Amino acid sequence: MADSGNGKTPLLDELEKGPWPSFVTQIKSVAEKNPRARALLQLLERSYREKIGHWKHGGIVGVFGYGGGVIGRYSDLPEEYPDVAHFHTLRVNQPSGWFYTSDSLRTLADLWEEHGSGLTNMHGSTGDIILLGTSTDELEPTFEALTNAGFDLGGSGSCVRTPSCCIGQARCEWACYDTLALTHDLTMAFQDELHRPFFPYKFKFKCAGCPNDCVASIARADMSIIGTWRDDIQVDKAAVKAYADDGMNIERDVCGNCPTKCIQWAGKEIDIDNENCVKCMHCINVMPKALSPGKDRGATILLGSKAPILEGAIISSVLIPFIKIEPPYTEIKELTEKIWDFWGEHGKNRERVGELMQRVGLGNFLEEIELEPIPEMIAHPRENPYIFFEEYFEEDEEEGE
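Fair warning: this is a prediction, and the values are worked out from it, not measured in the lab. (Residues numbered from 1 in each chain as written. Predicted model: local features only at pLDDT ≥ 70, side-chain atom pairs only at ≥ 80, totals over all residues. Heavy atoms only, no water.)

## Some points on the packing of helix α12 (residues 330-346) against helix α13 (residues 353-360)
Packed helix pairs are specified by the crossing angle of their axes together with the interaxial distance, meaning the distance between the axes.
Step number 1: Across the interface, α12 lies against α13 with an axial gap of 11 Å and an inter-helix angle of 70°. Between α12 and α13, the angle is such that the two are roughly perpendicular. Contact residues: I339, F342, W343 and H346 in α12; V353, L356, R359 and V360 in α13.
Step number 2: Here the residues of the contact of α12 with α13 sort into six nonpolar, one polar and one charged. (Axes fitted to C-alpha atoms, helices over the stretch in contact; angles between N-to-C directions. Helix = DSSP H or I, 4+ residues; strand = E, 2+ residues; numbered from the N terminus. Parallel < 35°, antiparallel > 145°, perpendicular 65-115°, else oblique. Contact = heavy atoms within 4.5 Å. Nonpolar A, V, L, I, M, F, W, Y, C, P; charged D, E, K, R; others polar.)

## Side note on helix α2 (residues 23-31)
Step number 1: When we look at burial in α2, the residues that qualify are V24, I27, V30 and A31. One side of α2 holds all its buried residues, which, seen down the axis, span an arc of 125°.
Step number 2: If you follow the buried residues of α2, they end up packed against α1 (10-14), α3 (35-50) and β5 (119-122).
Step number 3: Capping the start of α2 is the job of one residue whose side-chain oxygen sits 3.1 Å from the backbone nitrogen of V24: S22. (Buried < 20%, exposed > 50% of the residue type's maximum accessible area, 1.4 Å probe, protein only. Arc of directions from axis to C-beta. Polar contact = N/O pair within 3.5 Å; in protein donor to acceptor, adjacent residues only side chain to side chain.)

## Considering a negative patch on the surface
Step number 1: Side chains of E331, E334, E337, D341, E345, E367 and E368 sit close together on the surface and give a patch of like negative charge.
Step number 2: Of all the secondary-structure elements, those providing two or more residues to the negative patch are α12 and α14 (362-368).
Step number 3: With five residues, the single largest contributor to the negative patch is α12.
Step number 4: Along the chain, the position of E331 falls in helix α12. (Patch = residues over 30% accessible without salt bridge, like charges linked within 9 Å, V, L, I, M, F, W, Y side chains within 5 Å. Areas by Shrake-Rupley, 256 points an atom, 1.4 Å probe, with all protein chains shown as cover. Salt bridge = Lys/Arg side-chain N within 4 Å of Asp/Glu carboxyl O. Lys, Arg positive; Asp, Glu negative; His and termini not counted. Charge placed at Lys NZ, Arg CZ, Asp CG, Glu CD.)

## Structural notes on unusual backbone geometry
Step number 1: Each neighbour pair has its own omega, and for M122 with H123 the value is 15°, a cis peptide bond.
Step number 2: With respect to the helices, strands and loops of the structure, H123 is situated in the loop between β5 and β6 (129-132).
Step number 3: Here P327 and P328 are connected by a cis peptide whose omega angle stands at 5°.
Step number 4: Within the secondary structure, P328 sits in the loop between β15 (317-323) and α12.
Step number 5: Phi at A216 takes a positive value of approximately 55°, unusual for a residue other than glycine.
Step number 6: Positionally, A216 belongs in the loop between β8 (205-208) and α8 (217-220).

Pasting the structure below:
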């Protein structure tokens, strides 16, 4: 194995200095007993020294019957670093809310030490368990070991990416629906779409239990399902008084930061104009003992966000302002399939749903997925002062016949 000749990594050692945890330290701990991890350290040190990345994308590699779940990685110096000539990554479908038993974590660690580098990423930005670094001939044995342990591969490529969610009602008092149940149901319902890529590009579901959106779905998911409520915020007047008595400046810290100024403080009680509340959660976050979401709970469905790859970053736009989230989730699934049908037929290669919406226009998009336009379907206030109603033109044409 060629490198500096002595196996030392002075440049990587610099990344272990300072107060923060270091990935270099973690790789070194695994490298003590795993040759793939040792080779990775040497190749990475060389990349830092030469200022060249020595990795190339290997094209399509996978397991039998699946089109996604494995990301091919190859070194461009296979003769010099044979232990990382292949360094494929497996995405493993995580449990909803990232709940594990100790036994399941030990099982994952043991099988990856046997079949791969022993290095993991818990978790990738998509949500999956990431198993970093194995060879092509170990893919099928690893997949068999995973399925025997009750795990499945996640999504990669132009498919449904592994749905993910916040911890929801399992631990969070603000969750307005069961994110864990919905995420598991969507995962099971869309197995073909998850494992066999045939979309124009990737499609991500992310489920957030409340408007705090702890999974950042509004910026990262093609379909964001964010918990909300449609009645009044619940107020505990005694708790409000306790906050005031303890010295909280409610006028400044709560009312002053309300984006729509819908909260008023009269010195003893707060008054909320719920019709103008935009569910930002600020007041509830600041006074969690006094305020809580309303009782009529469900979710807002938003569509179209993505990171800045082709057309720039996009934040999701409201598609359905409020929907009750109840099993078997038929309405959500039917809506999703209508979106996929239109996107699959008219989407360009590597064009996300949000980019398709921008290209064809929201009106045409809504017509194709059979939704009526409503005022809440906006990304920002309109710029054109003129509004044309299509049905008026149709009526005029009929009268002239």
